[in-house]
Amino acid sequence: MTEQKSNIYMIPLEAVQHMKPVPQNQFRDYPDVITVQQAAELLCVCKNTVYKLIKEKSLPCRRIGTAIRIRKKDVQLFLRDAS
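Bear in mind the structure is a predicted one, so any value in this text is a computation, not a measurement.

Asks: Kindly report on the sheet that holds strand β2 (residues 62–64), identifying the contributing residues and their values.
Replies: Reading across the sheet, the three strands line up as β1-β3-β2 and stay open at both edges, with antiparallel pairing between neighbours. The open sheet terminates on both sides in strands that have one partner only, identified here as β1 (33–34) and β2. Two elements, β2 and strand β3 (residues 67–71), share three bridges in a ladder whose sense is antiparallel. Bridge pairing in β3 places Arg-63 opposite Ile-68.

Asks: I'd like a rundown of the pattern of salt bridges, residues and numbers included.
Replies: Inspection of every chain in the model, using the stated rule, returns three salt bridges. Notably, a salt bridge pairs Lys-72 with Asp-32, separated by 4.0 Å at the nearest N-O pair. In this pair, Lys-72 sits in helix α5 (residues 72–82) while Asp-32 sits in the loop between α2 (24–27) and β1, placing the two residues 40 residues apart along the sequence. Given the relative accessible area of 58%, Asp-32 is considered exposed. Among the ionic pairs, Asp-74 bridges to Arg-71, the shortest N-O distance being 3.0 Å. Arg-71 gets classed as partly exposed once you look at its relative accessible area, which sits at 45%.

Asks: So what's going on with the pairing of β3? Residues and values would help.
Replies: Burial of β3 is one-sided: the residues Ile-68 and Ile-70 facing one way are buried, the residues Ala-67, Arg-69 and Arg-71 facing the other way are not. Linkage of β2 to β3, two consecutive antiparallel strands, is achieved through a turn of two residues, within which Gly-65 is found at a positive phi near 65 degrees.

Asks: Describe in detail α5, supporting the description with residues and values.
Replies: Within the sequence span of α5, burial applies to Lys-72, Asp-74, Val-75 and Phe-78. The buried residues of α5 occupy an angular sector of 160 degrees when projected down its axis, which confines them to one face. Every exposed residue of α5 that faces more than 90 degrees away from the buried side is listed here: Lys-73, Arg-80 and Asp-81.

Asks: Requested: an account of the nonpolar core, with residues and values cited.
Replies: By size, the foremost hydrophobic cluster in this structure holds 16 residues, and its most contacted members are Ile-34, Leu-43, Val-50, Ile-54, Leu-59, Ile-70 and Val-75. Of all the secondary structure elements, the ones that give two or more residues to this core are α3 (36–43), α4 (47–55), β3 and α5. In terms of residue count, the dominant contributor to this core is α3 (five residues). Dropping the residues within four chain positions of it, Val-50 is found in contact with Val-36, Ala-39, Ala-40, Leu-43, Val-45, Leu-59 and Ile-70.

Criteria and cut-off values
- Residues numbered from 1 in each chain as written.
- Predicted model: local features only at pLDDT ≥ 70, side-chain atom pairs only at ≥ 80, totals over all residues.
- Heavy atoms only, no water.
- Pairing = 2+ DSSP bridges.
- Helix = DSSP H or I, 4+ residues; strand = E, 2+ residues; numbered from the N terminus.
- Salt bridge = Lys/Arg side-chain N within 4 Å of Asp/Glu carboxyl O.
- Buried < 20%, exposed > 50% of the residue type's maximum accessible area, 1.4 Å probe, protein only.
- Arc of directions from axis to C-beta.
- Core = buried A, V, L, I, M, F, W, Y, C linked by side-chain atoms within 4.5 Å.
- Contact = heavy atoms within 4.5 Å.

Without other data, these values stay purely geometric and don't point to any function.
As structure tokens, this is what we get:
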């Protein structure tokens, strides 16, 4: 029996079904420009998944020296488009 996978980054379908959406008021607690760690918290994934999304150009970012910064608005748009 093969395990069903979602079409988003090969996450098991059972895991996606149990994920709770991030309440919109939680976004209020974050600045307009966030770190990879903060993006991971908002998306309920690990930092490596955020790096993968950036590499695949699914999540826009800006590099400031070696630091990566992501607009909170882009995380919200990503979540909206993913659902």
